[in-house]
Amino acid sequence: MRFMDNLSPLRDIPDLKPVRIYLPIKNNNQRYRTQAVYKLVSPPRFELRFQPGILPLENLDLGKNCLVNVDFGGPNISMEASIALATPQALEMKAEELISHAQMREFFRVDAVTEVISKSFQPEFFDSQGRAWSIRGKTIDISGNGILASFSENPPEDDLVRLEISLPERNSQIIKLLARTVRSHQIDENQWETAYHFQDISSEDRDRIMGCCFEIQRRLLRLKVDVTN
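Residues numbered from 1 in each chain as written. Predicted model: local features only at pLDDT ≥ 70, side-chain atom pairs only at ≥ 80, totals over all residues. Heavy atoms only, no water.

Any chance you could explain the pattern of salt bridges here in plain terms?
Where charged atoms of side chains with opposite charge meet at close range, the side chains can pair. Summed over all chains, the structure comprises six salt bridges. For arginine 208, the salt bridge identified is with aspartate 205, shortest N-O distance 2.6 Å. With arginine 208 and aspartate 205 both in helix α3 (residues 203-228), this residue pair falls three residues apart, about one helical turn. Judged by relative accessible area, which is 35%, arginine 208 ranks as partly exposed. A relative accessible area of 14% places aspartate 205 in the buried class. (Salt bridge = Lys/Arg side-chain N within 4 Å of Asp/Glu carboxyl O. Helix = DSSP H or I, 4+ residues; strand = E, 2+ residues; numbered from the N terminus. Buried < 20%, exposed > 50% of the residue type's maximum accessible area, 1.4 Å probe, protein only.)

Here you go:
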């Protein structure tokens, strides 16, 4: 649905409403997440205002669209928007298209090495050899929708598995969820890479994972800016 056909979502957003925005960065596939304040101008145009020093103006890729998410404490509005004008504390924006939350989550996948345990779906459910199983490995990358992980042995090809992921942050949290095996292939004699899609995860745990991804992304961005400078 394009906003040129339906402008009502823009009018539903109160002026000075805090929003989350995911900004495109030059020479970087990851996006920079920060907060701004929304101001409707003339649909489909609106303005986002930032605190001093928040907007990475010199590193913005003005040729790519931003992602904007508005939290209403229930159903959210997520949209793609282009940048018409950028100033040190504001962006003049043009809403382009509504996007799904699945699309939002897929935009953010970061390289992250942390512990993960893959287990049989239930203790009473067994693999083809008639035994419960549990394999410890390391994540290669992580997103709000799934992970790519490395194991020293090939995990059983069960349709559903239970994952325990230790988030790579100071106060490490263990996220437990149900996942579906997407693919698995052998890299060398003692290494298998397996991709999992999160099948059953609470919204709180997904937010924790995405928050961790954004923090890693911010650190990488700061490092990139420091190295560039």
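We are not done yet, so read on.
Hey, could you run me through the side chain of glutamate 164 in this one?
When you line up the elements, glutamate 164 lands in strand β11 (residues 160-166). A polar contact of 2.9 Å, which involves the side chain of glutamate 164, links it to the side chain of lysine 119. Not counting the four nearest positions on each side in its chain, glutamate 164 is found in contact with Glu115, Val116, Ile117, Lys119, Ile174, Ile175 and Lys176. (Polar contact = N/O pair within 3.5 Å; in protein donor to acceptor, adjacent residues only side chain to side chain. Contact = heavy atoms within 4.5 Å.)

Would you explain the pairing of strand β10 (residues 146-151) in this entry?
Looking along a regular strand, one sees the side chains alternate between the two faces of the sheet. For β10, the tally of buried residues reaches six of six residues, placing the bulk of the element in the interior. Neither face of β10 is left uncovered, since the one carrying Gly146, Leu148 and Ser150 and the one carrying Ile147, Ala149 and Phe151 both have all their residues buried. Pairing geometry for strand β9 (residues 134-143) and β10, over five bridges, is antiparallel. When the bridges of β10 are listed, threonine 139 appears paired with alanine 149. Taking the residues that link successive antiparallel strands as the turn, the β9-β10 hairpin has two residues. Note that β10 and strand β13 (residues 191-200) share six bridges and pair antiparallel. (Pairing = 2+ DSSP bridges.)

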